[in-house]
Amino acid sequence: MRHFLNLSDAGGDAVATILNEAMERKERRAGWPTGKVDADRPLDGVVLAMVFEKSSTRTRMSFDLAMRQLGGSVIVLESNTSQLGRGETIADTARVLSRFADAIMIRTDHHQKAVELTQHATVPVINGLTDFSHPCQLLADMQTVIEHRAKLAGSLWAWIGDGNNVCNSLIEAAALMHFGLAVATPSQFEPDVGMCAMAATRDDIYFGCDPAEAIDGAEVVVTDAWVSMGQEGDEYREEAFAGFQVDEALMARAAPGATFLHCLPAHRGEEVSDGVIDGPQSAVWDEAENRLHAQKALLMWVMGKI
């Protein structure tokens, strides 16, 4: 059973295989209509159940299109229109969905829900986002960096902002795929302590509170919203991030031609300026598109096709 709650569930070799598959399938589809099914239809007849307890644009669109292009189909469940919203347990939901679907993707708040799903499901479970990690996003990010910079191992990344779920997955990606990473977060907004402890074994992953120091010489610059879903109205949080905006002046400290990434949605004028996200160094739109291609390859992997 191939579950995918974190990048480490696959491991470095499998992640490399997934990324190669994603890029090859993307290249073969160049110029095709979005709705056209891949010639080999590798997931013909396969059904993916998508469980949404958090709102979504890119995750929903990309997984839906991924299954269509691979020849499969999806069933969408939302908490306010399913029995999950009325108190049905994760365990019971897992047992039922396993009878109707060949794989389950969940986008939820607490990571433990995804863990519990794997404990009771008899089909693969994919983490579409939890409060702890966002591994699908990092697959797309790494694919984008390879396409723009031609290498992943040995590259130097900087994270500027909240030590959130995307940051946790970025730390894991750096450790698995052997690229350098400097993380700058305000104090009290550091990444997960377990991720930091794991990274402590590496001499090319650094943690600090100075955005300028972290971004100095970075080839890839990554940020995310300061206030995630469920944290709205936290004025202290917004005050703590003063000085952490990735603007043109801060971006100028990165390596020449550095690539800017953001998982979106962006709060323009907060964590990033218009000049950066719309500028020539921004790869955020390629990054968003690559959610589709990376997840197609991921679906192939969890179903044992690669």
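This report concerns the structure included in the present document. (Residues numbered from 1 in each chain as written. Predicted model: local features only at pLDDT ≥ 70, side-chain atom pairs only at ≥ 80, totals over all residues. Heavy atoms only, no water.)

Okay, the overall build of the chain next. Helices and strands together make up the secondary structure of the chain, namely 13 helices and nine strands. Taking 306 residues into account, the globule formula puts the C-alpha radius of gyration at 19 Å, and the chain, at 19 Å, falls close to it. Summarising its shape, the C-alpha atoms of the chain cover approximately 50 × 45 × 35 Å along the three principal directions. Taking all 306 residues of the chain together, the buried fraction comes to 55%. Counting only contacts in the chain whose residues sit at least 6 apart along the sequence, the fraction spanning at least 24 positions is 73%. Total accessible area on the chain stands at roughly 12700 Å², and carbon and sulfur atoms take up 50% of it. Distance between charge centres in the chain, computed from 25 positive and 44 negative side chains, equals 10 Å. (Helix = DSSP H or I, 4+ residues; strand = E, 2+ residues; numbered from the N terminus. Rg over C-alpha atoms; globule rule 2.2 N^0.38 Å. Buried < 20%, exposed > 50% of the residue type's maximum accessible area, 1.4 Å probe, protein only. Contact = heavy atoms within 4.5 Å. Areas by Shrake-Rupley, 256 points an atom, 1.4 Å probe, with all protein chains shown as cover. Lys, Arg positive; Asp, Glu negative; His and termini not counted. Charge placed at Lys NZ, Arg CZ, Asp CG, Glu CD.)

Let us look at the packing of aromatic side chains. Throughout the structure, instances matching the rule amount to five aromatic pairs. When the centroid spacing of 6.4 Å and the interplanar angle of 70 degrees are considered together, the rings of F4 and W301 count as edge-to-face. Of this pair, F4 sits in the segment before α1 (7–10) while W301 sits in helix α13 (residues 284–302), and the two are 297 residues apart along the sequence. Among the aromatic residues, those joined into a cluster by ring pairs are F189, W226, F241 and F244. The cationic tip of K36 hangs over the ring face of W32; the distance from NZ or CZ to the ring centre is 4.3 Å. Here R60 stacks its cationic end above the ring of F52, 5.5 Å away from the centre of that ring. (Phe/Tyr/Trp six-rings, centres within 6.5 Å; stacked < 30°, edge-to-face > 60°. Lys NZ or Arg CZ within 6 Å of the ring centre and 35° of its normal.)

To continue, consider the pattern of salt bridges. Evaluated as defined, the whole model comprises 15 salt bridges. Salt-bridge contacts for D44 lead to R41; the nearest nitrogen and oxygen are separated by 3.4 Å. Overall, the relative accessible area of 37% leaves R41 in the partly exposed class. Of the charged contacts in the structure, one is a salt bridge between R268 and D278, with a shortest N-O distance of 2.7 Å. Of this pair, R268 sits in the loop between β9 (259–262) and α12 (274–277) while D278 sits in the loop between α12 and α13, and the two are 10 residues apart along the sequence. Judged by its relative accessible area of 39%, R268 is partly exposed. With relative accessibility at 47%, the residue D278 sits in the partly exposed group. Three or more residues are tied together by salt bridges with common partners; here these are E21, R25, R29, D38, D40 and K296. (Salt bridge = Lys/Arg side-chain N within 4 Å of Asp/Glu carboxyl O.)

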